[in-house]
Amino acid sequence: MQVRESTIEQELIEKLGELKYTLRSDIRDRAAMERNFREKFEALNRVSLTDAEFKRLLEEIVTPDVFKAAHALRHRNAFTRDDGTPLNYTLVNTNDWCKNDFEVASQFRINTDYSYHRYDVLLLINGVPAVQIELKTLGINPRRAIEQIVEYKNDPGNSYTRTLLCFIQLFIVSNRDFTYYFANNNARHFAFNADERFLPIYQYAAPDNSKINGIDAFAEAFLAKCTLGQMISRYMVLVASEQKLLMMRPYQIYAVKNIVECIDKNLGNGYIWHTTGSGKTLTSFKASTLLKANPAIEKCLFVVDRKDLDRQTREEFNRFQEGCVEENTNTGALVRRMLSDEAADKVIVCTIQKLGLALDENSKRNKSREKRGLASHTEQLAALSDKRIVFIFDECHRSQFGDNHQAIREFFPKAQLFGFTGTPIFEQNASYKRIEGEEQTLKTTEDLFQQSLHEYTITHAIEDRNVLRFHVDYYKPEKGRPNGKQAPKPGETLAKRAIVDAILAKHDAATGGRRFNALLATASINDAIEYFKLFEVAQAEKQQADPDFGPLNIAAVFSPPADVSADVKQLQEDLPQEQEDNKHDPEAKKNALKAIIADYNARFGTNHRIEEFDAYYQDVQQRIKDQQFPNADLPMKGREKLDITIVVDMLLTGFDSKYLNTLYVDKNLKHHGLIQAFSRTNRVLNDTKPYGNILDFRGQQKEVDAAIALFSGAKADKAREIWLVDTAPVVIDKLKDARDKLDSFMQSQGLTGKPDDIANLKGDAARAAFVEHFKQVQKLKTQLDQYTDLDDAQKQQIEAVLPRDEHNAFRGAYLETAQRLRAQQAKPNGQKDEAVDQLDFEFVLFASSTIDYDYIMKLIADYSAKTPGKASMSREQLIGLIAGDAKFMDEREDISEYVRGLKAGEGLDEAAIRAGYRQFKTDKAAKDMAALSDKHGLPVAALQAFVDAILARRIFDGEQLTELLAPLDLGWKARTQKELALMGDLLPLLKKRASGREIAGLKAYEE
């Protein structure tokens, strides 16, 4: 028997009662909420407002801007009373959030412009609705509750924009067994669709990272009054530069709490082991800002070990809070800020090199100051030697391991040192020696920082889907290596041309048809230079052999010999291989890098110089990140993107891009170096990026297994199955099984398993079941499409399970069915089928980045130009390709009809095809408009003007509709019927011509 939603709600309210919330069954509408808020506001601020003043106060504080409301909730605000006197007020007790009134209301109802909304449970803090909880019955995916909240927020005239509900900080959704939460935000950060580049969703966890899923346990752990107050006041971050609310993840919260406790109780040093990609910068920022308010701490220095990370961290900190940290242009500026009493200088971001120079009595700068009769930096800083200073080290396993650490401890004996690392140093991966008397031992992270304060390993992060698993392909070439067809020995170097050819053959598959991009890690600067030249030659040969081959954009970055700027010298300090390489024949390397930069300038229209290498390096990083933009949105239609960046040491640590998914490896890696390099590929995007792709040309399986075992924390025994995706044969078996289930379902409906029969499914429940079955097939196919190690037999197996043309036809049927069901799901008051209501649609899985509008026009031109029977794609294959891609959902009927009207071998070039299609659409639109005007007895010109006005503003205006129908001189009843009939016909046309963009005011006609 299914547990009803109302039962789950009642159990939650009872639980909140146990947690000492006041139950407010009387707060069911806006008036009751405002009366309660007024009472709490007046008590907190010791004031009695007149009715007029309270009305004006509401007008001032209620805002559709979520960020503005969140800021007002946390700060003192000003209000002018009717007699002109100022009132400085807070909405809640911001000094001690625990001392607010915590209340719970349920089944709150409120009207929108075209509908009404009902809220399951609201939590009020001092009368302000701060948390909304939406519940679903068991078995329904909580994702539907998330979608419902987003739909509510998109409704015109909704309560989040014009009532006290604008102060909602957190949303919680649960089906009793699974509970998720997420921050409120303005629309640009609050989309919920298959792209999911928007709305981070969290599950709460215990300090050991075990999930707290059930709503009862969640309430106990998260909704206790003081805990909830802390979550909102301390562990949400308002990102000023993006006007965005950010929620800290549980492991980040535990790390911050433990650092703060360690400082408050003076418990010594400690380190945080949080895996690469887990948001260490946000954690350290929050720890630093909480220390700002601690009067016992003189300074907090956040120490990084490279200039680019200094800039990156400073930008990140200032992204979280504008002007939070200033740039230290030199060691003198750092010293001045360390001695400053300004509040803005309490938290400082600096490089370890600048700090080391400041503390080194023998540095050139200190000696120079002494000669000029000035106090050295060391002497100036002596004033701080007995103060409590906190040092937080980013990536504390890296440069000058322990040397600066010791200098800091000696200079600041009362200092506390904290380290963040994604890959700690254990004895197994230690390389720095420590000699004490006769005994020589290795330095580990624990030696330096005494104790681990919190751990969140890559194993935890993969289980939480905060980072992706890896697919590792240990490449076994057929030719081009010394031992014929035998597998390469571990660490064996293959012929570079063979590797280049392998990369060119596999790159499109590895990167999902160039949706993503890749790094090629090489063993030396000379290797990087050689690879760059080989790609140039190999691609020229491929283009000559196949004019349709689109060459990859390839760049290389490695530091130039150190006779350039000081910035570059600082960059090089953590690039050991490049430092060593640049000692040998530096002039040749400089000339090679100049040529590489010149090629880059010619390719991308830039003007970089080796003397300003840092600007070139930043541009390369930005171009890798710009992979996120669809080709159609870019001025050069994607030609400005980078496909492969050749590196030696650079970019293999500390660089993040969700659109980098592949690492080609032709260098020996091990331990933390291997994990850091692999982790460039595993940032989460969505289901089009199922894993990070590693193609290893050195046969390093033993090193991979050792690194997995070392950095898996408590779950080392299960690490391989958690870290690594299934092998191709396993996924192919899963694909066969998913296809068999799809066929069995179709047979249960009395139909064949062919795509043509999808249209004959009876009822929405059956259509919903098809959507679910085919989605599983498609996810597995997407995963296999990016495997680089499929052999010919495996490719044939996949083709046998899901032939290409049949796959495209299924995709087309899926998109058509899903579109129909989604339209039904969106109707707020329509008859709901439970199977349809809980569906979520992932159209992004059905959109290829390579198949864009330009590509389709070229294919159509090829079809038209070539002799019948010689075209690379038949008419039906071309139509199937268009129908199976989500980008063409709103246009596929038009394109397909246009293709059907063309003759193969007609000889039209691409320009003629484009012009013909534009004319076809214009003629078709005119015919559609003429048919509508004839059907409804309206002049074509007037109807066209009405439609054009709606599309121009993307707002439906009811008054213009009244004017359009006025010449018909109808009574009110007949006019209402005519209005509904006309809008029923216009809706699909308007939606199609709006190309998926929302038109405000149409909701009333969609029900």
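**Student:** For this particular structure, what's the right way to read the nonpolar core?
**Tutor:** Here is a general trend for soluble globular proteins: nonpolar side chains tend to be buried in one another's company. Counting residues in hydrophobic clusters, the biggest one holds 112 residues, and the most contacted among them are Phe37, Ile61, Leu123, Phe167, Phe222, Leu223 and Leu228. When residues in this core are grouped by element, the largest group, 8 residues, is from helix 9 (residues 250-264). The residues touching Phe37, leaving out its near neighbours within four places in the chain, are Phe54, Leu57, Leu58, Ile61, Leu91, Asn126, Gly127, Val128 and Leu164. In terms of nonpolar packing, the next biggest core, distinct from the first, is built from 104 residues, Val303, Val335, Cys350 and Phe697 among them.

**Student:** Sorry if this is basic, but what is going on with the pairing of strand 2 (residues 77-80) here?
**Tutor:** Consecutive side chains along a regular strand alternate between the two faces of the sheet. Of the two faces of strand 2, only one is covered, namely that formed by Asn77 and Phe79; the face formed by Ala78 and Thr80 stays uncovered. Where strand 2 and strand 3 (residues 86-89) come together, 4 bridges link them in antiparallel fashion. By the bridge assignment, Asn77 is partnered in strand 3 with Tyr89. Where strand 2 folds back on strand 3, the antiparallel hairpin that results is connected by 5 residues, among which Gly84 adopts a positive phi of roughly 90°.

**Student:** Just to check I follow, could you spell out the packing of aromatic side chains for this structure?
**Tutor:** Two descriptors summarise a pair of aromatic rings, namely the distance from one centre to the other and the angle between the planes of the rings. With the rule as written, the count across this model stands at 36 aromatic pairs. Between Tyr204 and Phe218, the ring centres sit 6.4 Å apart and the planes meet at 90°, which makes this aromatic pair edge-to-face. With Tyr204 in the loop between strand 8 (179-183) and helix 7 (215-222) and Phe218 in helix 7, the pair connects residues that are 14 residues apart, well separated along the chain. What makes Tyr204 buried here is its relative accessible area of 3%. When the ring centre of Phe549 is taken as origin, the NZ or CZ atom of Lys542, which lies over that ring, is 5.2 Å away.

**Student:** I'm lost on the state of the cysteines in this one. Help?
**Tutor:** Working definition of a disulfide: a covalent bond connecting the sulfur atoms of two cysteines. Throughout the structure, instances matching the rule amount to 1 disulfide. Here Cys98 engages in a disulfide with Cys226; their sulfurs sit 2.1 Å apart. Of this pair, Cys98 sits in the loop between strand 3 and strand 4 (102-111) while Cys226 sits in helix 8 (residues 225-233); the two residues are 128 residues apart in sequence, bridging distant segments of the chain.

**Student:** Please clarify how the pattern of salt bridges should be interpreted in this entry.
**Tutor:** Pairing of side chains with opposite charge becomes possible as their charged atoms draw close. Here the structure, examined in full by the defined rule, presents 46 salt bridges. Linking Arg683 and Asp656 is a salt bridge whose minimum nitrogen-to-oxygen distance equals 2.5 Å. Here the residue Arg683 occupies a position in the loop between helix 25 (671-678) and strand 24 (692-696), and Asp656 occupies one in the loop between strand 22 (644-647) and strand 23 (660-666), the gap between them amounting to 27 residues. Under the relative-accessibility criterion, Arg683 is labelled buried at 7%. According to the relative accessible area criterion, Asp656 is partly exposed, its value standing at 35%. One network of salt bridges, with partners in common, ties together Arg24, Asp26, Glu39, Lys40 and Glu103.

Procedures and definitions
Residues numbered from 1 in each chain as written. Predicted model: local features only at pLDDT ≥ 70, side-chain atom pairs only at ≥ 80, totals over all residues. Heavy atoms only, no water. Core = buried A, V, L, I, M, F, W, Y, C linked by side-chain atoms within 4.5 Å. Buried < 20%, exposed > 50% of the residue type's maximum accessible area, 1.4 Å probe, protein only. Helix = DSSP H or I, 4+ residues; strand = E, 2+ residues; numbered from the N terminus. Contact = heavy atoms within 4.5 Å. Pairing = 2+ DSSP bridges. Phe/Tyr/Trp six-rings, centres within 6.5 Å; stacked < 30°, edge-to-face > 60°. Lys NZ or Arg CZ within 6 Å of the ring centre and 35° of its normal. Disulfide = S-S within 2.5 Å. Salt bridge = Lys/Arg side-chain N within 4 Å of Asp/Glu carboxyl O.

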